[in-house]
Number of protein chains: 2
Amino acid sequence: MKLCDIPTPALLVDRQAMERNIQLMAAFFRGRPCKLRPHFKAHKTPAIARRQLAAGSCTGITCATVSEAEVVATAGVSADILIANEVLGPGKAMRVAKLAAGGADIKVAVDSSTAASELAEAVRAAAVEIGVLVDVNVGLPRCGIAPGGPALELAGQVASTEGLRLRGVMGYEGHAVAITDREAREAAAGYSMEQLLATARMIREAGLSCDIVSAGGTGTYDITGRIEGITEIQAGSYVLMDTAYAKLDLPFERALSLLGTVLSRPGPTICVTDSGHKACTEDHGNPSVKGIEGAFVLLLSDEHATIMLPADSPIAPGDRIELWPSHIDPTINLHDALFVLDGDEVTDVWPIAARGYPEQRTLLS
Amino acid sequence: MKLCDIPTPALLVDRQAMERNIQLMAAFFRGRPCKLRPHFKAHKTPAIARRQLAAGSCTGITCATVSEAEVVATAGVSADILIANEVLGPGKAMRVAKLAAGGADIKVAVDSSTAASELAEAVRAAAVEIGVLVDVNVGLPRCGIAPGGPALELAGQVASTEGLRLRGVMGYEGHAVAITDREAREAAAGYSMEQLLATARMIREAGLSCDIVSAGGTGTYDITGRIEGITEIQAGSYVLMDTAYAKLDLPFERALSLLGTVLSRPGPTICVTDSGHKACTEDHGNPSVKGIEGAFVLLLSDEHATIMLPADSPIAPGDRIELWPSHIDPTINLHDALFVLDGDEVTDVWPIAARGYPEQRTLLS
């Protein structure tokens, strides 16, 4: 299959650019005490995760959901899995226990005694043990227990709960990873990590174990990853990149684009492609137009991108236009396949195996 | 299965509210010259489309993509299919021809001679004929040829092309459907339809056939649907509704919600659920919180909704919260299943068969 044969809209992976990103990240962590735990949520694609691990400098895989962990384990990508998210709700803890029973060294983030109890009940029923990281809120208005005392108390509960093994702490400085000014980003990440490391110290001083201190993302891998005491970085986007992260001073290349076909040319400075927001999310802003000087996306609707063109543009119906997504994680989640290109040659069509909520596909009437 | 057993995040359909919406819409069109052609893109779910057709007052189904049309035809939902969108790019025209060869009365929107040629070549190769509607731009900055002369010229080309049968015109007043003020909405839709109807008259006066004049959406069904000469309305969202359309003076009920589980309760006025923007798009704004007075969504991230709560809220980890999506079409497109509820009982789990780009699933390595 050639580039020109791909039905649109479709996501294209520039294999060589992706490989360079993978090698660059592995090289950064080589010889450091801190390792990489690549985040599977960014691409949900076993074929990519395998390449990330093969490059070395990795501890295992980070997942955001139980179903991602199931795909990682089933595909044999890695047995060392961190679900860097709270696990609650019908069936979820039991599914984690099943993964442990199947041989996975699974670790789950926990920020409440309710979550700890649900997990403990399930793993005891399955006669297994799982690891737990206390999820510490380090500034992002999302999950995580308050650092210091509250986190220590929860760590104590976890350590004394049969079936749960306290492995350490995690704290995601998600409010810092996208700050474009490097000094400001360093300051925000540094302040967050002080709180996380102080909490880890308190836990150790209380005689509890705390081997893992997990944090970081693509925007802070070389900031947080250099801080003494941080043991692993959960970066994901670096492997394919997007326009939001491209605004930062990062060494990674954009390796993912969205191919569309021009459906309409309703005016001299306007064209419409079949790559709307069902194919490309806009939560980090409109995508950018690749390779056409002066062109920009005016608006995305469900099935269409309305693109403004320079007045002399020869673009015609049937032509193809590539867009750079502004946020790869949710954009990849809209598709079932990644078309992998070496030049114009499609060398692979990789399944995005963990797209969406795979458990739904097992429950259909 | 009960409501409490559903793994989250998950989309819930209130079956009774949906049925009332279907009946209400069918009643509006009963006895009118204008009919309904429900838009499949809104839900991509054959089980819903079947119910829409069974209620009567329908001509057939509207689709936005070739793969939607394939699902509609394969599932035996309807043989009368309008692809209300331009069809261009590798394999697309051939797939339309294949649908026609399989017995579907398929009609495609066309706004350029390039698209007409691609279709004609494919249908002639398959020795079939398909219908064509000239897609007229009536104000929305998207597809469609200019009304009047340019549309007439294209109609003439289509009529004289072997394999293509000119059936009429379509013009989507998408810029008007969401105007909350009814008078302003009527004015915008009215102006658009004047242009569409004037074009239809020109085509007929030139001795060409123009039986179908297709337009409209949920926001204009009872405006455009009352204008003499409009033969069918392409409404989709009415069947399940969303908060964007709920701002209008429409008689339809919200019948779709997103169930989430509370993962974290990091502060007295804040909770975090597992229903982020991978489960609920925000292109029409944040979703709303169902049934908790004063609560609102502060932000969606990939896997989380951060929700602000009243200070005295008893919400705890493990509790469930439903959100009302702001835009059903792309939100449903994120899921594989609709959980259909009669009260607390899950009566069906319907496959969202045309979710995403089904052709990708046939091309995987």
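Residues numbered from 1 in each chain as written. Chains lettered and ligands numbered in written order. Predicted model: local features only at pLDDT ≥ 70, side-chain atom pairs only at ≥ 80, totals over all residues. Heavy atoms only, no water.

**Q** Just to check I follow, could you spell out the overall build of chain A for this structure?
**A** Along chain A, the regular secondary structure elements total 11 helices and 17 strands. With the C-alpha coordinates of chain A rotated into their principal frame, the extents come out at 70 × 55 × 35 Å. For chain A, buried positions account for 62% of its 365 residues. Considering only contacts in chain A between residues 6 or more positions apart, those separated by 24 or more positions represent 68%. Counting only carbon and sulfur atoms, one obtains 52% of the accessible surface of chain A, whose full area is about 12,200 Å². (Helix = DSSP H or I, 4+ residues; strand = E, 2+ residues; numbered from the N terminus. Buried < 20%, exposed > 50% of the residue type's maximum accessible area, 1.4 Å probe, protein only. Contact = heavy atoms within 4.5 Å. Areas by Shrake-Rupley, 256 points an atom, 1.4 Å probe, with all protein chains shown as cover.)

**Q** Just to check I follow, could you spell out the sheet that holds strand 9 (residues 232-233) of chain A for this structure?
**A** Consider a sheet: its strands pair through backbone hydrogen bonds, and that pairing is either parallel or antiparallel. Residue and element names in this part refer to chain A. One open sheet accounts for eight strands, arranged 2-9-8-7-6-5-4-3; its pairing is parallel. A single partner strand is all that each edge strand has here, and the edge strands are strand 2 (35-36) and strand 3 (61-63). With two bridges connecting them, strand 2 and strand 9 associate as parallel partners. Note on strand 9: the bridge partner recorded for Lys35 is Glu232. Of the strands in this sheet, strand 4 (80-83), strand 5 (105-110) and strand 6 (130-135) are in contact with helix 4 (residues 92-101), which crosses strand 5 at around 155 degrees. (Pairing = 2+ DSSP bridges. Axes fitted to C-alpha atoms, helices over the stretch in contact; angles between N-to-C directions.)

**Q** I'm lost on a nonpolar patch on the surface in this one. Help?
**A** A grouping of Phe296(B), Leu298(B) and Leu299(B) is seen on the molecular surface, where their side chains present a nonpolar patch of about 250 Å² in accessible area. As for its placement among the helices and strands, Leu298(B) is situated in strand 13 (residues 296-300). (Patch = residues over 30% accessible without salt bridge, like charges linked within 9 Å, V, L, I, M, F, W, Y side chains within 5 Å. Salt bridge = Lys/Arg side-chain N within 4 Å of Asp/Glu carboxyl O.)

**Q** What is the right way to look at the relation of the copies chain B and chain A in this model?
**A** Each of the two chain copies can be brought onto the other by rotation about an axis and movement along it. Here chain B sits on chain A after a turn of 180 degrees about the axis and a move of 0.0 Å along it, with an RMSD of 0.0 Å. The two molecules are tied by a two-fold rotation axis, judged by turn and shift. Considering only C-alpha atoms, the part of chain B nearest the rotation axis is Leu334(B), at 3.2 Å. Looking at chain B, 100% of its interface residues are interface residues in chain A too, so the copies touch through the same face. (Least-squares fit on C-alpha atoms with pLDDT ≥ 70 in both.)

**Q** I'm lost on the interface of chain B and chain A in this one. Help?
**A** Frequently, the measure chosen for interface size is the accessible area removed from exposure when the parts meet. The partner chain A presents 69 residues to the 69 residues of chain B that form the contact. Interface of chain B and chain A: buried area, both sides summed, is about 5,400 Å²; carbon and sulfur atoms make up 56% of it. For the pair chain B and chain A, the number of links is six salt bridges. With a shortest N-O distance of 2.6 Å, Asp336(B) and Arg355(A) are connected by a salt bridge. (Buried area = accessible area lost by both parts, 1.4 Å probe.)

**Q** Help me understand the pairing of strand 6 of chain A, please; the structure alone is not making it clear to me.
**A** Within a regular strand, the side chains alternate between the two sheet faces. Residue and element names in this part refer to chain A. For strand 6, a buried count of six out of six residues is recorded, marking the element as mostly surrounded by other parts of the structure. In strand 6, alternate side chains face the same way, and those of Ile130, Val132 and Val134 on one face and Gly131, Leu133 and Asp135 on the other are all buried. Examined bridge by bridge, strand 5 and strand 6 share four bridges and lie parallel to one another. Residue pairing across strands places Val108 opposite Val132, the latter belonging to strand 6. Between the parallel pair strand 5 and strand 6, the chain is carried across by helix 5 (residues 113-125), and the sense of this crossover is right-handed. (Right-handed = clockwise from strand over helix to strand, strands pointing away.)

**Q** Just to check I follow, could you spell out helix 1 (residues 15-29) of chain B for this structure?
**A** Quick reminder: α-helices carry 3.6 residues per turn. Residues three or four places apart thus point the same way. End to end, helix 1 of chain B covers 22 Å across 15 residues, agreeing with the expected 21 Å (1.5 Å per residue, within 8%). Backbone geometry just after helix 1 of chain B places Gly31(B) at a positive phi near 80 degrees. (Expected span 1.5 Å × (residues − 1).)

**Q** Explanation requested: the sheet that holds strand 2 (residues 35-36) of chain B in the structure shown.
**A** Residue and element names in this part refer to chain B. One open sheet holds the eight strands; their spatial order is 2-9-8-7-6-5-4-3, and the pairing between them is parallel. Each edge of the open sheet is held by one strand with a lone partner, namely strand 2 and strand 3 (61-63). Relative to strand 8 (residues 212-215), strand 7 (residues 164-171) runs parallel, the two sharing four bridges. When the bridges of strand 8 are listed, Met170 appears paired with Ser214. Seen against the sheet, helix 4 (residues 92-101) touches strand 4 (80-83), strand 5 (105-110) and strand 6 (130-135) and runs at an angle of roughly 155 degrees to strand 5.

**Q** I'm lost on unusual backbone geometry in this one. Help?
**A** Excluding glycine, most residues fall at negative phi; most peptide bonds, likewise, are trans. Residue Pro9(A) is bonded to the preceding Thr8(A) through a cis peptide linkage, with omega at -5 degrees. Its place among the elements puts Pro9(A) in the segment before strand 1 (10-14). Positive phi, normally seen in glycine, also occurs at Ser57(A), with a value near 65 degrees. The topology assignment puts Ser57(A) in the loop between helix 2 (46-54) and strand 3. Positioned with a positive phi, Lys44(B) is a non-glycine residue whose angle comes to about 55 degrees. Looking at the secondary structure, you find Lys44(B) in the loop between strand 2 and helix 2 (46-54). Judged by relative accessible area, Lys44(B) falls into the buried class, the value being 2%.

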